[in-house]
Amino acid sequence: MDDKLRDRVEALFEEAPQTKKASELKEELISNLTEKYNDLVANGRTSEEAYNSVIAGIGDIDELIRGLKHSSPFDQEKELISRKKTALVVSASVGLYIFSVIVLIVCTELLRLDDILSIVLFLFTITIPTCLLIYHFMAQPSYKKEEDTLVEEFKEWNQNSKYKKELYQSINSIMWTLVTVIYLLVSFIFGIWAFSWIIFIIGAVLQQIIHLIFSLSNRKE
Amino acid sequence: MSITSDLIRGHTETIILAHLMTKDSYGYEINKSIQDKTDNQYELKEATLYSAFRRLEQSGYILSYWGDETTGARRRYYTITPQGRKAYEDNKRDWEEAKRLIDKLI
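Residues numbered from 1 in each chain as written. Chains lettered and ligands numbered in written order. Predicted model: local features only at pLDDT ≥ 70, side-chain atom pairs only at ≥ 80, totals over all residues. Heavy atoms only, no water.

Taking an unreviewed UniProt entry as the reference, chain B is identified by name as PadR family transcriptional regulator belonging to Sporanaerobium hydrogeniformans.

Have a look at this one:
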């Protein structure tokens, strides 16, 4: 009789999209209906009576299935807001990149600052928009599911792992840029060229640590 | 009875929240307790119950998790969130107010 109930629920879900949500709802429904059926039989109903009573109790399932198909209009509003935010972050970053070149020209030509100091300031200005861009794209999901199907879920997973690789590379490049900036800055200000190279060894250690964190978080998934 | 059902249906979500205020629960248990409390006079249709669960989840009033039953099928349990508790209190207050006014009117 369990199978008869299960078949009936499967038939009800024929129209529903093949998604994780739908299969979870189906599992939930089957488990609860089976328990109800068992209770009715335990209370002295015949299996036929119990089955009919359980099926009659389901009601109009179309509403539920419609709920699985459509995303709420709320999502579209959210998407519009996030698109505006992306535009703002990208244009601010491009502006800062252009500004960093201006900083370089002003430092060397107008203020007549030392070359190394100018380059340090230039690199420092570059790190701000780079961090801004990376933070922004890290904070939002990169792949928007069009439908809630298994294929889309796979695509999302695929996209996320590619995105992780890119994230790792950008963190690395930021770190090395910063190391170079600190190296030049410290050496120039304190004149400790003889010792300051040690920062590159520290940089290599940091890179290994970042690598370790990424592979650990991959394994967790 | 059908008009009564319609009146009650508008409060399905508050009824579910009221049940979850005391403990985490799953679909059939909630429906059974509704039947028991009303001396078998009222029972939710499964479709109504699960639509309400989805709406409550989307509003952030409840969360769901799968139980680890050793025998039989897995159950999906629901638990109430702090927002859910607040919504329950608000809805209950609204209902008391409406009941007081309707009692005066009819």
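After that view of the structure, there is still more to cover.
Trainee: What should I look at first to understand the interface of chain B and chain A in this one?
Mentor: It is common to give the size of an interface as the accessible area that goes away when the parts come together. Contacts between chain B and chain A engage 20 residues on the former and 19 residues on the latter. Summed over both partners, the interface of chain B with chain A comes to about 1,800 Å²; 47% of that surface belongs to carbon and sulfur atoms. Three residues, Tyr28(B), Glu46(B) and Tyr50(B), lead the burial of chain B against chain A; their summed loss comes to 35% of the area buried on that side. The interface formed by chain B and chain A contains 8 salt bridges. Of the charged contacts in the structure, one is a salt bridge between Arg76(B) and Glu28(A), with a shortest N-O distance of 3.0 Å. (Contact = heavy atoms within 4.5 Å. Buried area = accessible area lost by both parts, 1.4 Å probe. Salt bridge = Lys/Arg side-chain N within 4 Å of Asp/Glu carboxyl O.)

Trainee: Is there a simple way to explain a nonpolar patch on the surface in this structure?
Mentor: Taken together, the side chains of Trp197(A), Ile198(A), Phe200(A), Ile201(A), Ile202(A), Val205(A), Leu206(A), Ile209(A) and Ile213(A) present a nonpolar region at the surface, about 820 Å² in accessible area. Assignment of secondary structure puts Ile213(A) in helix α9 (residues 198–220). (Patch = residues over 30% accessible without salt bridge, like charges linked within 9 Å, V, L, I, M, F, W, Y side chains within 5 Å. Areas by Shrake-Rupley, 256 points an atom, 1.4 Å probe, with all protein chains shown as cover. Helix = DSSP H or I, 4+ residues; strand = E, 2+ residues; numbered from the N terminus.)

Trainee: Mind showing me how you'd approach the environment of Leu184(A) here?
Mentor: Residue and element names in this part refer to chain A. If you trace the backbone, Leu-184 turns up in helix α7 (residues 150–190). On the basis of relative accessibility, which here comes to 16%, the residue Leu-184 falls in the buried class. Sequence spacing of Leu-184 and Trp-197 is 13 residues, and the spatial spacing of their C-alpha atoms is 9.6 Å. Excluding anything up to four places from it in sequence, Leu-184 contacts Ile-116 and Val-120. (Buried < 20%, exposed > 50% of the residue type's maximum accessible area, 1.4 Å probe, protein only.)

Trainee: Explain the sheet that holds strand β3 (residues 76–80) of chain B to me, please; I cannot follow it from the model alone.
Mentor: Each strand in a sheet pairs with its neighbour through backbone hydrogen bonds, running either in the same direction (parallel) or in the opposite one (antiparallel). All names here are of chain B. What the 3 strands build is an open sheet, ordered β1-β3-β2; its pairing is antiparallel. What marks the edges here is a single partner per strand, and that holds for β1 (25–26) and β2 (62–66). Pairing analysis gives 2 bridges linking β1 to β3, with the strands arranged antiparallel. Directly across from Ser-25, in β3, lies its bridge partner Tyr-78. (Pairing = 2+ DSSP bridges.)

Trainee: Honestly, the nonpolar core in this entry has me stumped. Any pointers?
Mentor: Inside soluble globular proteins, nonpolar side chains tend to come together where they are buried. Counting residues in hydrophobic clusters, the biggest one holds 37 residues, and the most contacted among them are Phe13(A), Ile16(B) and Phe53(B). If you tally residues by element for this core, the top one is helix α2 (residues 20–42) of chain A, at 7 residues. When neighbours within four sequence positions are excluded, Phe53(B) is seen to be in contact with Glu28(A), Ile16(B), Gly27(B), Ile30(B), Ile62(B) and Tyr78(B). One finds Leu123(A), Val179(A), Tyr183(A) and Ile199(A) within the second-largest nonpolar core, a separate group that totals 8 residues. (Core = buried A, V, L, I, M, F, W, Y, C linked by side-chain atoms within 4.5 Å.)

Trainee: Just to check I follow, could you spell out unusual backbone geometry for this structure?
Mentor: Backbone geometry follows two general trends: most residues other than glycine have a negative phi, and most peptide bonds adopt the trans configuration. Backbone geometry at Arg112(A) places phi at a positive 55°, although glycine is not the residue there. Topologically, Arg112(A) is positioned in the loop between α5 (73–110) and α6 (115–139). Non-glycine residue Asp39(B) carries a positive phi angle of around 50°.

Trainee: Sorry if this is basic, but what is going on with the pattern of salt bridges here?
Mentor: Any two side chains of opposite charge can pair if their charged atoms end up close together. Scanning all chains against the criterion turns up 17 salt bridges over all chains. Here Arg55(B) makes a salt bridge to Glu13(B), at a shortest N to O gap of 2.7 Å. Of this pair, Arg55(B) sits in helix α4 (residues 46–58) while Glu13(B) sits in helix α2 (residues 12–22); the two residues are 42 residues apart in sequence, bridging distant segments of the chain. A residue is classified by how much of its surface remains accessible, and Glu13(B), at 28% relative accessible area, is partly exposed. Measuring nitrogen to oxygen at the nearest pair gives 3.6 Å for the salt bridge that ties Asp90(B) to Arg93(B). Here Asp90(B) and its partner Arg93(B) are both found in helix α5 (residues 82–105), 3 residues apart, which amounts to about one turn of the helix. Judged by relative accessible area, Asp90(B) falls into the partly exposed class, the value being 24%. Here the residues in one salt-bridge network are Glu24(A), Glu28(A), Arg54(B), Glu57(B) and Arg76(B), joined through shared partners.

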